[in-house]
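Structure assessment
One letter stands for each residue in the lines below.
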Amino acid sequence: MNERKSELTGNVNEGSKVSKIRIENSRKELMHKENIFISSPKQINQDTAAAAAASAAQDEIKSRLERDYKEFQETHTFKFPTWLYGPPKGKLFKVEVEDCPRFGDIAHVEFDSARTAFLSIDMQIDFCGPNGYVDVMNYDLGLTSAPIKSIRHVLETIRNGTDIKVIHTREGHLPDLSDAPYNKVLRSKIIGNGVGIGDVPDGGLGRLLVRGEKNWDIIDDLYPIRGEYIIDKAGKGAFGQSNLPLILRNLGITHLVITGITTDVCVHTIMREANDFGYWCTLLKDGTGATDFDNYQAAIKQIKMQGGVFGWVSNSNNFVKGVKSTFDGDNQQ
């Protein structure tokens, strides 16, 4: 009888232990789900220190913002923020920008040459050459080829002893079109009267907008030289479907000077993307063009809104003048 009672008592005690463990585990799981954590004094101190550091950083940014605002009011210059990026790695130079912060105003943007990249976007035969993609759609090639001279002028200046990086982009698709959205291909075929992406037009150099074809490549006048970067992309933008973000980050780029075609499509898309990633963007308006002049003008105006909603607008002469003001002395030595 006593043995039976002892056995029952043991079972009850064991069952009680199991129940307590289950209750404790359930409590911990509930606390975890509700993000309730019991912090140690050490953890509390660490959290307090982290919060204080974050608050101090925010206060510093607010202070810097106020100082930079006041300096702009006096100088009308967006100075290179050494407090944000560190001391210059190259040479500082300034470029005049138009209609900033308001239409009719003039301002300047300061660049660190070693942290500046010049973008030549999609200057391909398909977009500005005969029997290419744009030509097949019956648009005026004079509009998309208009920026060639200005871009070449800037490239010649940059290539003459500066440390400004040059990046070219090409839009195009794999030969099997597996990276081309069906609706994009369909629309191209309709507007091209039966000849679209992946097709060879009469008198054409190859399949339209297909990588590896002669018409897909960059025109001879602006062809990349050794040391310049080429980015291949399948879409209008370059930050979501190419390695441009990685290259810019590895090169330490902070400022972009943008040219290419077309203003209202690929150029605008890349400039908007870059702006969202925090890059300081300047478009050279005579270094870009569109298939429709009204669209070109509208795209330029959009950039200027709100004091420069995506960046700033300048021209090739202003940029070349700014670069030469700093580098010409070096080249004459």
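Scope of this entry: the structure provided in the associated data block. Just so it is clear, the structure is predicted and the values come from calculations on it, not from any experiment. Position labels on residues start from 1 in each chain and follow its written sequence. In view of the model being predicted, local features appear only for residues whose pLDDT reaches at least 70, and side-chain atom pairs are presented and counted only at 80 or more, with totals across whole chains, interfaces and linings using the full set of residues. The side-chain values count all of the structure's non-hydrogen atoms but skip hydrogen atoms and water molecules.

Looking at the side chain of K184
Within the secondary structure, K184 is located in helix 8 (residues 182-191). Pairs of N or O atoms are called polar contacts if they sit within 3.5 Å, as long as, within protein, a hydrogen donor faces a hydrogen acceptor (for residues adjacent in sequence, only side-chain-to-side-chain pairs). Separated by 2.6 Å, the side chains of K184 and E171 make a polar contact. By definition, any uninterrupted DSSP run of H or I lasting at least four residues is a helix, any uninterrupted run of E lasting at least two residues is a strand, and each is numbered from the N terminus.

Concerning helix 7 (residues 148-159)
Multiplying 1.5 Å by the helix residue count minus one yields the expected span of that helix. Helix length check: helix 7 (twelve residues) gives 16 Å between terminal C-alpha atoms against 16 Å at 1.5 Å per residue, within 8%. Buried within helix 7 we find I148, S150, I151, V154, L155, T157 and I158. Positive phi appears at G161, one or two residues downstream of helix 7, with a value of about 90°. Each residue is placed in one exposure class: buried if its accessible area under a 1.4 Å probe, protein chains only, is under 20% of its type's maximum, exposed if it is over 50%, and partly exposed if it falls in between.

Notes on the layout of surface pockets
Here a cavity is any set of points on a 1 Å grid over the protein atoms alone where a 1.4 Å probe fits but cannot get out, and a pocket is any open set with protein on both sides within 12 Å along at least 5 of 7 lines; a residue lines the site when it has an atom within 4 Å of a point. Grid points are joined across faces, edges and corners, and a volume is the space filled by probe spheres set on the points. By volume, the largest pocket is sized at about 760 Å³. In terms of lining, the largest pocket is formed by 28 residues, of which the most central are L65, D68, F78, K79 and W280. Elements represented by at least two residues in the lining of the largest pocket include exactly helix 2 (41-75), strand 1 (77-78), helix 3 (82-85) and strand 8 (280-289). Sort the elements by how many residues they give to the lining of the largest pocket and helix 2 lands first, with nine residues.

Structural notes on the side chain of Q124
Within the element layout of this structure, Q124 appears in the loop between strand 4 (116-121) and helix 4 (125-128). Here the side chain of Q124 touches W216 through a polar contact of 2.7 Å, landing on its backbone oxygen. Apart from the residues lying within four places of it in its own chain, the contact partners of Q124 are G129, T169, R170, E171, N215, W216, D217, I218 and I219. Here a residue-residue contact requires only that any non-hydrogen atoms of the pair lie within 4.5 Å.

Examining unusual backbone geometry
Backbone torsion omega between C100 and P101 reads 0°, so that peptide bond is classified as cis. If you trace the backbone, P101 turns up in the loop between strand 2 (92-98) and strand 3 (106-112). With an omega of -10°, the peptide bond running from I261 to T262 counts as cis. In this fold, T262 is placed in the loop between strand 7 (255-261) and helix 10 (263-276). The backbone of D99 sits at a positive phi, close to 50°, despite the residue not being glycine. Looking at the element boundaries, D99 is found in the loop between strand 2 and strand 3. Overall, D99 belongs to the buried group, its relative accessible area being 18%. The phi dihedral of N138 falls on the positive side, at around 65°, and the residue is not glycine. Considering the arrangement of structural elements, one finds N138 in the loop between helix 5 (133-136) and helix 6 (141-144).

Details of the sheet that holds strand 2
Within a sheet, neighbouring strands are paired by backbone hydrogen bonds and run either parallel or antiparallel to one another. The three strands are arranged 1-3-2 in an open sheet whose pairing can be described as mixed. Both outer strands of the open sheet, strand 1 and strand 2, are each paired with one neighbouring strand and no more. Should DSSP find at least two bridges between two strands, the strands are regarded as paired. Bridge count between strand 1 and strand 3: two bridges; the pairing is parallel. Residue pairing in the sheet places F78 in a bridge with V109 of strand 3.

Quick word on the pattern of salt bridges
One speaks of a salt bridge when a side-chain nitrogen belonging to Lys or Arg is within 4 Å of a carboxyl oxygen belonging to Asp or Glu. Within the structure shown, the criterion is met by 17 salt bridges. Measuring nitrogen to oxygen at the nearest pair gives 3.1 Å for the salt bridge that ties E98 to K285. Remark: K285 occurs in strand 8 and E98 occurs in strand 2; sequence separation between them is 187 residues. For E228, the salt bridge goes to R159, with nearest N and O atoms at 2.7 Å. Within this pair, whereas E228 is found in the loop between helix 8 and strand 6 (229-233), its partner R159 is found in helix 7, the two being separated by 69 residues in sequence. Given a relative accessible area of 32%, R159 falls into the partly exposed group. Salt bridges here are not isolated pairs; linked through shared partners, they connect D122, E171, K184, K233 and K236.

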